[in-house]
Amino acid sequence: MRILIRNIGRLCGILPAGIRRLEGRDMGSVAGIDKAWLMIEDGVIASFGAGEWEGESDGGCEGGLCCGVFDEVIDAEGGWVMPTFCDPHTHIVYAGSRDGEFRDKIAGLSYEEIAARGGGILNSADLLHETSEDELFEQSARRVREVMAKGTGALEIKSGYGLRTEDELKMLRVIRRIREEFPITVKATFLGAHAVGREYLGRRGAYVDLVCNEMLPAVAAEGLAEYVDVFCDQGFFSCDDCARILERAAEFNLRGKIHANELAVSGGVQVGVSHNALSVDHLERTGDEEIACLKGSNTMPTMLPGASFFLGMPYGRARAFIDAGLPLALASDYNPGSSPSGDMRFVMALACIKQRLTPEEAFNACTINAAYAMGVEDTLGSITPGKHASLIITEPLPSLAFIPYAHQTPFIKRMVF
């Protein structure tokens, strides 16, 4: 299958092969070509350049733009072409909603207070337990289609609303089915340690035993996850719990991705880095110690401004992280309780408006660095020959800044997966 995209107003997000992530000052640049073309062969970016494509012709069509040279020619009509967004932290597989808790939030209850009353994650676990695997897939598939239409081409999806072995496996099987039935890249993360299940309330140690001795082996036996996550924070799981789960996960070749420092400075960043976690996520509450810990590590700090927006919490110190020379990724945290949206364009806008990132920094945080945070930087996240042709074709744009600036104005003309 050979496709040509021509008449591109700007080809945006070009990176040389071998660039795995961008750090510090390098996040402030987005390379591109004005008035460009791009060629796709068998779903992979083959080549691109300025002006009109000039290649072989079959002799029957001007410039070889039809009749056998290409299976399809797409006219971008002056729109931009850029890599799709990668979303490296979602909980998109869940049952029902938690709109009832929305009223509690309006009334002033905090995330922690709702959880302490037996709501929050436990409510989602109750709903999921009563939902069949097929119905859970159908509900989740609607959300996947929604985020694809908004420009997302790669999703990391977590379990964590099961909190029982069979329900966690049910979630992970639904994630596997999403991977099989949708033309986007999907990575699965086992998050059995999202909260202590109702049957184990007051017995956190026994629940950690369940995660380590029953859940993890069952997940590994079916090959249902690439990563393991722990909610390492105040009121949830301790650093010792986190270290124990990560060490057990390593026995099954599952790498860590940690919820850290959402509710308090918890030590989650340090335990994640010490165990070579792929990413440490949330980071609403961090100090200079966390920045120092992340320097020189392979761990990607990932911030979720949608959760700060919805819960009224502090926004992560994104500007300080980048100014210190660190990389940064952004994610939606799409979930029913603290960020019921998977719109990565809105995430990009929040990063600019609330965290003072430039549009270029926010773009890189949603593409190449987000790809790194879910382990797909070799195949996604930039316009690079050899990477998957997972692309957004936009309407004509005045600038990159227009995307987060006019974040509710429709800008996508077509998606290519």
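Before reading further, recall that the structure is shown in the block above.
Summary of the structure given here.

Counting its regular elements, the chain contains 15 helices and 15 strands. What you see for the chain is a C-alpha radius of gyration of 22 Å, in line with the 22 Å of a compact globule of 417 residues. Along the three orthogonal principal directions, the C-alpha set of the chain runs to about 75 × 45 × 40 Å. Here the chain holds 417 residues, and the buried ones make up 59% of them. Considering only contacts within the chain whose residues lie at least 6 apart along the sequence, 72% involve residues at least 24 apart.

With the rule as written, the count across this model stands at eight aromatic pairs. Between Phe-102 and Phe-310, the aromatic rings sit 5.8 Å apart at their centres with planes inclined by 15°, giving stacked as the arrangement. Placement of the pair is Phe-102 in helix 1 (residues 99-106) and Phe-310 in helix 10 (residues 305-311), with a sequence separation of 208 residues. Seen in terms of ring centroids, Phe-231 and Phe-236 are 4.1 Å apart; in terms of plane orientation they differ by 20°. Their pairing is stacked. Here Phe-231 and Phe-236 have matching classes, each one buried. Chaining the aromatic ring pairs together yields one cluster made of Tyr-200, Tyr-207 and Phe-237. Directly above the ring of Tyr-372 sits Arg-21, whose terminal nitrogen or CZ lies 5.1 Å from the centroid.

Further remarks concern the pairing of strand 6 (residues 85-90). In terms of burial, strand 6 is a largely internal element, six of the six residues being buried. Sheet topology places strand 6 next to strand 7 (residues 152-158); four bridges connect them, and they run parallel. From the neighbouring strand, Thr-90 faces strand 7, where its bridge partner is Ile-157.

A few words now on the side chain of Ser-159. Position of Ser-159 among the secondary structure elements: in the loop between strand 7 and helix 5 (165-181). On the basis of relative accessible area, Ser-159 is assigned to the buried category, the value being 0%. Side-chain polar atoms of Ser-159 contact the side chain of Glu-168, separated by 2.6 Å. Here the side chain of Ser-159 touches Leu-191 through a polar contact of 2.9 Å, landing on its backbone nitrogen.

Ranked by size, the top nonpolar core spans 102 residues in total, and within it Val-93, Ile-178, Phe-190, Phe-237 and Ile-245 carry the most contacts. Take this core: its biggest share by element is nine residues, from helix 6 (residues 204-222). Look past the residues within four positions of Val-93 in its chain and what remains in contact with it is Leu-136, Ser-140, Arg-143, Ile-157, Tyr-161, Met-171, Val-174, Ile-175 and Ile-178. In terms of nonpolar packing, the next biggest core, distinct from the first, is built from 17 residues, Ile-5, Leu-38, Ile-40 and Ala-76 among them.

The subject of this paragraph is the environment of Gly-267. The topology assignment puts Gly-267 in the loop between strand 10 (255-260) and helix 8 (268-274). Look at Gly-267 and you get buried, because its relative accessible area is 19%. Separated by 132 residues in sequence, Gly-267 and Glu-135 place their C-alpha atoms 38 Å apart. If we ignore the near neighbours within four places in the chain, the residues touching Gly-267 are Cys-239 and Asn-261.

Turning next to the layout of surface pockets. Think of a ball as big as a water molecule: rolled over the atoms, this probe shows where empty space is left. Of the voids in this model, the largest pocket is the one considered here, and its volume is about 340 Å³. Every element with two or more residues in the lining of the largest pocket is listed here: helix 1, helix 2 (111-116) and helix 3 (121-129). Computed from the structure, the second largest pocket encloses a volume of approximately 160 Å³. Tallied by class, the residues present in the lining of the second largest pocket amount to four nonpolar, three polar and three charged.

Looking now at the pattern of salt bridges. Tallying each qualifying case throughout the model produces 27 salt bridges. Notably, a salt bridge pairs Arg-414 with Glu-72, separated by 2.9 Å at the nearest N-O pair. You can see Arg-414 sitting in strand 15 (residues 412-416) and its partner Glu-72 sitting in strand 4 (residues 72-75), a full 342 residues away along the chain. For Arg-164, the salt bridge is made with Glu-199, and the minimal N-O distance between the two is 2.9 Å. Of this pair, Arg-164 sits in the loop between strand 7 and helix 5 while Glu-199 sits in the loop between strand 8 (185-193) and helix 6, and the two are 35 residues apart along the sequence. Here Arg-164 falls in the partly exposed class, since its relative accessible area comes to 24%. When its relative accessible area of 41% is taken as the criterion, Glu-199 is described as partly exposed. Connected through shared salt-bridge partners, Arg-164, Asp-167, Lys-170 and Glu-199 make up one network.

About the thresholds
Residues numbered from 1 in each chain as written. Predicted model: local features only at pLDDT ≥ 70, side-chain atom pairs only at ≥ 80, totals over all residues. Heavy atoms only, no water. Helix = DSSP H or I, 4+ residues; strand = E, 2+ residues; numbered from the N terminus. Rg over C-alpha atoms; globule rule 2.2 N^0.38 Å. Buried < 20%, exposed > 50% of the residue type's maximum accessible area, 1.4 Å probe, protein only. Contact = heavy atoms within 4.5 Å. Phe/Tyr/Trp six-rings, centres within 6.5 Å; stacked < 30°, edge-to-face > 60°. Lys NZ or Arg CZ within 6 Å of the ring centre and 35° of its normal. Pairing = 2+ DSSP bridges. Polar contact = N/O pair within 3.5 Å; in protein donor to acceptor, adjacent residues only side chain to side chain. Core = buried A, V, L, I, M, F, W, Y, C linked by side-chain atoms within 4.5 Å. 1 Å grid on protein atoms, 1.4 Å probe; cavity = no way out; pocket = protein on both sides within 12 Å on 5 of 7 lines; lining within 4 Å. Points joined across faces, edges and corners; volume = space filled by probe spheres on them. Nonpolar A, V, L, I, M, F, W, Y, C, P; charged D, E, K, R; others polar. Salt bridge = Lys/Arg side-chain N within 4 Å of Asp/Glu carboxyl O.

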